[in-house]
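Residues per chain are reported as follows:
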Amino acid sequence: MVDMKDGKLLKAVRGNSRRAHFRHLGSCGILAERRTSLQLCPATPMRTTRRTFINLAAPISTRRMEYTESRILEYTPEEMYNVVANVEEYKYFVPWCKKSRMTKGPNGDIRAELEIGFPPFTERYTSKLTFVPNHQVRGVCSDGSLFSHLETMWRFSPGAKDLPGSCKVDFFVSFEFKSLLHSQLACVFFDEVVKQMVSAFESQAATLYRNKRVASLRSRAALSNHV
């Protein structure tokens with residue numbers, strides 16, 4: 001359990017935030033829009049990234065934060081949809097995800113039960129999921145002690161015309177912590193956490209589909225040599 005009486009942990013967190021080279025205003029104010037290209041998978045022939053990290057100006061006890069990111073990836077909308085929709089696999093590749101499983105609610109709705117852990121916390125929460133096959137995955141937190149609000153949205157659409165088999169991925173997350181302590185920690189860690197989360201799904205797609213594509217190309221080359 002975290003002792004909040006002496007305020008030492010909050011002071012330590014604030015101290016860490018001053019030492020780290022994160023750009024923020026006041027108590028984690030509005031961060032400027034950035035355009036960057038992450039190099040997690042060097043074999044990717046083309047990828048464009050657009051990120052925005054926004055902390056809404058509100059009292060610290062009720063602060064809501066949002067993050068958006070868009071990428072052009074070398075996988076089809078169907079392939080990326082399958083990676084995001086398969087919540088059962090999150091525990092194997094999503095950073096800080098310790099457990100993940102999908103269940104059905106009393107009304108037949110699909111739910112994701114997740115356990116996340118980052119020092120010094122381990123928390124569980126449940127999100128209600130809605131799907132538009134090959135186009136969209138949306139999750140809204142319905143139960144848990146960590147968030148008073150959490151919504152994630154993934155959208156998939158055809159990618160660049162000059163890159164066949166690609167797709168445009170739009171990711172959005174909006175959240176608000178229930179406790180002041182979690183909010184303070186988010187000011188220090190959230191930007192890096194989200195960057196790793198999004199890249200993790202791209203890496204998982206590479207693991208699942210890149211080898212299949214290489215095998216398919218080799219098979220086609222072998223057949224053409226025999227013609």
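Please refer to the structure placed before this passage.
The sections below set out a description of the structure shown in this document. Nothing here was measured: the structure is a model prediction, and the numbers come from that model.

1. Considerations on the overall build of the protein chain
Line of reasoning, step 1. Along the backbone of the protein chain there are four helices and eight strands.
Line of reasoning, step 2. Walking the protein chain from its N terminus toward its C terminus, one meets helices and strands in the order α-β-β-α-α-β-β-β-β-β-β-α.
Line of reasoning, step 3. Across the 227 residues of the protein chain, 43% fall into the buried class.
Line of reasoning, step 4. The contacts in the protein chain between residues at least 6 apart in sequence include a share of 50% that link residues at least 24 apart.
Line of reasoning, step 5. In the structure as shown, the protein chain presents an accessible area of about 12,900 Å², 56% of it carried by carbon and sulfur atoms.

2. Quick notes on the pattern of salt bridges
Line of reasoning, step 1. This model, assessed by the stated rule, comprises nine salt bridges.
Line of reasoning, step 2. In this structure, the salt-bridge partner of D109 is R111, at a minimum N-O distance of 3.0 Å.
Line of reasoning, step 3. The exposure class of R111 is partly exposed, given its relative accessible area of 26%.
Line of reasoning, step 4. Residues E151 and R138 are paired through a salt bridge, measuring 3.0 Å at the closest nitrogen-oxygen approach. You can see E151 sitting in strand β7 (residues 147–158) and its partner R138 sitting in strand β6 (residues 136–144), a full 13 residues away along the chain.
Line of reasoning, step 5. On the accessibility criterion, E151 (17% relative accessible area) is buried.
Line of reasoning, step 6. In this structure, a network of salt bridges that share partners links the residues E69, R71 and E202.

Rules used throughout
- Residues numbered from 1 in each chain as written.
- Predicted model: local features only at pLDDT ≥ 70, side-chain atom pairs only at ≥ 80, totals over all residues.
- Heavy atoms only, no water.
- Helix = DSSP H or I, 4+ residues; strand = E, 2+ residues; numbered from the N terminus.
- Buried < 20%, exposed > 50% of the residue type's maximum accessible area, 1.4 Å probe, protein only.
- Contact = heavy atoms within 4.5 Å.
- Areas by Shrake-Rupley, 256 points an atom, 1.4 Å probe, with all protein chains shown as cover.
- Salt bridge = Lys/Arg side-chain N within 4 Å of Asp/Glu carboxyl O.

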